Amino acid sequence: MSVVNPDIGVLLVNVTLLALLFFVAIAIARLRSLFAIVMLTGAYSLISAMWFVAVDAVDVAFTEAAVGAGVSTVLMLGAMLLTARTARVEPNWKRLGPLAVCLVTGAVLIYATIDLPAFGDADSAANSHVGAMYLQRTAAEIDIPNVVTAVLASYRGFDTLGETAVVFAAGLAVSLLLGFGERSLSASHKPARANLKGVLVPSNKSDHHVVLRVVAKVLIPIVMIYALYVHFHGELSAGGGFQAGTIFAVAIVLYSLLFGITAALDAFPVIWARSIAAFGVLLYAGVGFWALMNGGNYLDYDFVLPPDDPDYGPEDANTWSQHVGIILIELGVLFAVAGSLISIFYAFAGRAPEIRDEDW
Amino acid sequence: MAELLETLLSWFHVVREPVGGVLLVVGGLLAIVGAVGLLRFPDIYTRLHATSVTDTGAATLMIVGMILLSPTGWVALKLVFIWVFMFLANPTASHAIANAAYTAGMEPKIGPSGDTGEADR
Amino acid sequence: MIAAATLALFVAVVLVLIRAFRGPSLYDRVLAVNVFGTKTVLIISVLGFLMGRPEFMDIAILYALINFVSIIAILKFFRYRSFQVGLTRAPKVPPRTGEGEA
């Protein structure tokens, strides 16, 4: 099990992955069939996740895997249903403007990287000052092994509250634009325009999809349990609320892909999706107010379970209360992300396909 | 009886690493074979045939190799989970692709093909 | 050994991507992306071993589970062109029994 000259190996892996990213991006830009582009975007996301793993950013790779492989492909397909099948051809002179913008932005970015510190430099601004302080103080103050979760949930909890609100706002915006999916409630088991040429309604003669349904019935509960595992395990290993929410949404999406949108709306109604998204944000903000009411600062988890010691001062650590606080806000993030993603999916699914026959 | 088990266990610990490494390499080679088949076969159905077996087979070999090389029991347990899910999902995905291709009307290419045959559509 | 296995997987990934670019029909590309997903699971596991960080197994489990979803989504869309149709057989009406009829 020897690793020959690990630096060269790591460099080769990084260069290979980045080169693959580059070629896939070029292919995405050159292809005109939107289906192929959607699939290559899925491949792009997979390569990005591999690259994040190679540079040791495990939580980011986790989120990229959860979002890119599951939800974003499905949502782009849903968006594609509302438009066309191939990209429009643009004359070359119309491409000069975007080309100029790309060149200028790329040049500015490359110029900016000259000033960046070397990768992994111990004296860089990110690794000294506050970053080093978080690394040193996590064990004493919060006592969880995953420093990323400690920083995300506790030290920078306010930023994460903002991110959760952003996800909720995105779900809200999509639902306002596309509807909450109630239009699909009037759809029966037939597609919206049954006279489309070549659209096949599931026939009664032979059940083509029995294998898919049986395997899905096994896999969907496992995916949901895995979402809960990722959530509760986020303190100890890679994971957390964002990834868990996305995985839960993927389980619902898989169910609705295989059993139809009406069955999915029976199992997980739209009102639940909306409510738990809002409840998630409320829970997160509510933990902050609870800490305020107990005498601490906003989102200071030391005060979620009030300390017993009457001489409790700002230098003491209340690690059990920190644990409870982190679990609660991660739960809030899980609810918000899962509810928003499911609302977005229902919003796309509720629209009847508006592609004309000729476009197919 | 106990001594027999002890000698077996010591042998196991000796051969664990080389056997795990060999299984990993063989799995990798099988993956390359499958990918070459995906490139060179003339038709969607033959490509499906090449990849479905070699994909799951390479994954099984590599996962067994990694189980032999794993430092703790938890890692081995997670690898077993990965294997179970891949064993369920991979052949199902191949079945779904074949089903979709067939009902969409893709005809299998029958007869001799050229050196690098492409599918008709 | 592990490095050799990683190299072999990367070579396989590059070959599969060539098919994803070239494949003349949609199904070739879907197949290539499916195989690519499986190779990603293996690469992430092997990279985890190479770098001595077994936390990567969680990511590999995740991919093994949800690689399935995008494949099913693409195939279903291309065939039924709608989210709304379920892949179920319409329920059969059970044959009438003799009771209740004269």
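Note that the structure is a prediction, hence the values are computed from the model and not measured.

Q: How would you explain the overall build of chain C if you had to name every residue and give the values?
A: Check the secondary structure of chain C and you find three helices and zero strands. Buried positions account for 70% of the 102 residues belonging to chain C. In chain C, the proportion of contacts linking residues at least 24 apart, taken out of those at least 6 apart, comes to 47%. Surface summary for chain C: the accessible area is close to 3200 Å², and the carbon and sulfur share equals 62%.

Q: Please give an account of helix α8 (residues 210-232) of chain A that cites residues and values.
A: The α-helix winds at 3.6 residues per turn, so residues separated by three or four positions along the chain end up facing the same way. Look at α8(A): 34 Å from first C-alpha to last across 23 residues, which is about the 33 Å you get at 1.5 Å a residue. Turning to α8(A), its buried residues number three or more, namely A:L212, A:R213, A:V215, A:A216, A:L219, A:I220, A:V223, A:Y226, A:A227, A:V230 and A:H231. Among the structural elements, α3 (58-81), α9 (241-259) and α12 (319-349) of chain A, α3 (73-103) of chain B together with α3 (56-80) of chain C are those in contact with the buried residues of α8(A).

Q: I'd like a rundown of the interface of chain C and chain B, residues and numbers included.
A: Across the contact, 41 residues belong to chain C and 47 residues belong to chain B. On inspection of chain C and its partner chain B, the count reaches three salt bridges. We note a salt bridge from C:D28 to B:R47, for which the minimum N-O separation is 2.5 Å. Our enumeration of links across chain C and chain B arrives at seven residue pairs in polar contact (both at pLDDT 80 or more). The set of elements that each furnish at least two residues to the side of chain C that touches chain B consists of α1 (2-22), α2 (26-50) and α3 of chain C. Sort the elements by how many residues they give to the side of chain C that touches chain B and α2(C) lands first, with 14 residues. Grouping the constituent residues of the side of chain C that touches chain B by class yields 31 nonpolar, four polar and six charged.

Q: Account for the packing of aromatic side chains, with residues named and values stated.
A: Per the counting criterion, the structure on display carries 13 aromatic pairs over all chains. These aromatic residues form a ring-pair network of at least three members: A:F158, A:F289 and A:Y298.

Q: Which residues make up the environment of A:L177, and what values do they have?
A: Looking at the secondary structure, you find A:L177 in helix α7 (residues 157-178). Judged by relative accessible area, which is 70%, A:L177 ranks as exposed.

Q: How would you sum up α3(A)? Please name residues and give values.
A: Residues and elements named next belong to chain A. In this model α3 runs 34 Å from its N-terminal to its C-terminal C-alpha over 24 residues, within 8% of the 34 Å that 1.5 Å per residue would give. If you look at α3, its biggest bend is around 40°, right at G68. The element α3 is extensively covered by neighbouring structure, given that 17 of its 24 residues are classed as buried.

Q: How would you summarise a nonpolar patch on the surface if you had to cite specific residues and measurements?
A: Residues B:M1, B:L4, B:L5, B:L8 and B:W11 make up a contiguous nonpolar surface patch of roughly 620 Å² in combined accessible area. Relative to the elements of secondary structure, B:L4 occurs in helix α1 (residues 2-40).

Q: Give me the nonpolar core: which residues, what numbers.
A: Formed by 156 residues in total, the largest nonpolar core has its most connected members in A:I47, A:I247, A:Y346, B:I82, C:Y27 and C:F36. Broken down by element, this core gets its largest block of residues, 19 residues, from α3(C). Summarising the domain contributions, this core has at least three residues from each of domain 1 (1-116) and domain 2 (152-360) of chain A.

Q: Please provide a residue-by-residue account of the confidence of the model for chain A, values included.
A: Detailed reading of the predicted coordinates is not advisable wherever pLDDT is low. All names here are of chain A. Considering every residue of chain A, the mean pLDDT works out to 82; 85% of them sit at 70 or more. Across residues 188-200 the pLDDT falls below 50, and counting only partners more than four positions away or on other chains, this stretch makes 23 contacts in the model. Segment residues 356-360 is flagged for pLDDT under 50; beyond a separation of four residues in sequence, or across chains, it makes twelve contacts in the model.

Q: Describe the packing of α3(A) against α3(C), and please don't skip the residues or the numbers.
A: Contact geometry of α3(A) with α3(C) gives a least axis separation of 9 Å together with a crossing angle of 5°. On the basis of their axis angle, the class for α3(A) and α3(C) is roughly parallel. Contacts between α3(A) and α3(C) involve A:V58, A:A61, A:F62, A:A65, A:A66, A:A69, A:G70, A:T73, A:V74, A:L77, A:G78 and A:L81 from the former and C:F56, C:D58, C:I59, C:L62, C:Y63, C:I66, C:V69, C:S70, C:A73, C:I74 and C:F77 from the latter.

Q: Quick rundown of the pattern of salt bridges? Include the residues and the values.
A: As a working rule, side chains carrying opposite charge can pair if their charged atoms are close by. Applying the stated rule across the entire model yields four salt bridges over all chains. The shortest N-O distance in the salt bridge between B:D55 and C:K39 comes to 2.4 Å. Of this pair, B:D55 sits in helix α2 (residues 44-69) while C:K39 sits in helix α2, each in a different chain. C:K39 carries the same exposure label as B:D55, and that label is buried. A salt bridge links B:K78 to C:D58; the nearest nitrogen and oxygen atoms lie 3.1 Å apart. Taken as a pair, B:K78 in helix α3 and C:D58 in helix α3 lie in two separate chains rather than in one.

Q: An account of the environment of A:L341 is requested, with residue identities and associated values reported.
A: All names here are of chain A. Mapped onto the fold, L341 is located in helix α12. Taking the C-alpha atoms as reference points, L341 and V71, 270 residues apart in sequence, are found 8.0 Å from one another. Apart from the residues within four sequence positions on either side, L341 is in contact with V71, T246 and A249.

Q: How would you explain the domain arrangement of chain A if you had to name every residue and give the values?
A: All names here are of chain A. Under the domain assignment used here, chain A contains domain 1 (1-116) and domain 2 (152-360). At the interface, 19 residues of domain 1 touch 21 residues of domain 2. For the pair domain 1 and domain 2, the summed buried area comes to about 1700 Å², and 78% of that belongs to carbon and sulfur atoms. Of all residues in domain 1, the largest losses of buried area upon contact with domain 2 belong to F62, L75 and L82, amounting jointly to 34% of the total for that side. The interface formed by domain 1 and domain 2 contains zero salt bridges. Where domain 1 meets domain 2, there are three residue pairs in polar contact (both at pLDDT 80 or more). For the side of domain 1 that touches domain 2, the residue count by class is 13 nonpolar, four polar and two charged.

What counts, and at which threshold
In this convention, every chain numbers its residues from 1, walking through the sequence in written order. Starting at A for chains and at 1 for ligands, labels are handed out in the order in which the entities are written. Local features in this predicted model are restricted to residues of pLDDT 70 or higher, and side-chain atom pairs are both shown and tallied only at a pLDDT of 80 or more, whereas totals for entire chains, interfaces and linings draw on every residue. Note that water and hydrogens are dropped before the side-chain values are worked out from all heavy atoms of the structure. Strands here mean DSSP runs of E at least two residues long; helices mean DSSP runs of H or I at least four residues long; both are numbered from the N terminus. The buried label applies to any residue whose accessible area, calculated with a 1.4 Å probe on protein chains only, is under 20% of its type's maximum; exposed applies above 50%, and partly exposed to all values in between. Contacts are assigned to residue pairs with any non-hydrogen atoms lying within 4.5 Å of each other. Surface accessibility in these figures is a Shrake-Rupley result with a 1.4 Å probe; residues are shielded only by whichever protein chains are displayed. Helix span, as expected, comes to 1.5 Å for every residue beyond the first. Put simply, a salt bridge is a Lys or Arg side-chain nitrogen that is within 4 Å of an Asp or Glu carboxyl oxygen. Any N or O atom pair separated by 3.5 Å or less is treated as a polar contact, with the protein-specific requirement of one donor-capable and one acceptor-capable atom, and with residues adjacent in sequence counted only for side-chain atom pairs. Classification convention: Asp, Glu, Lys, Arg as charged; Ala, Val, Leu, Ile, Met, Phe, Trp, Tyr, Cys, Pro as nonpolar; all other residues, Gly among them, as polar. Aromatic pairing here means that ring centres of Phe, Tyr or Trp (its six-membered ring) are within 6.5 Å. Orientation follows from the plane angle: under 30 degrees is stacked, over 60 is edge-to-face, and everything else is tilted. Throughout, the bend at a residue refers to the angle made by two axes, fitted to the seven residues ending there and to the seven starting there. Here a patch means residues that are over 30% exposed by relative accessible area and free of salt bridges, tied together within 9 Å if like-charged and within 5 Å if nonpolar (Val, Leu, Ile, Met, Phe, Trp, Tyr). Nine residue types can take part in a nonpolar core, namely buried Ala, Val, Leu, Ile, Met, Phe, Trp, Tyr and Cys, and a core is a set of them joined through side-chain atoms within 4.5 Å. Throughout the structure description, domain borders are defined by an automatic or database domain assignment. pLDDT expresses how confident the predictor is about each individual residue, on a scale running from 0 to 100. Working convention: axes come from line fits to C-alpha atoms, limited for helices to the stretch in contact. Angles between N-to-C directions cover 0 to 180 degrees. Should an angle lie under 35 degrees it is considered roughly parallel, over 145 roughly antiparallel, and from 65 to 115 roughly perpendicular; all remaining angles are considered oblique. Take the accessible area each of two parts loses on contact, using a 1.4 Å probe, and add the two losses: that sum is the buried area.

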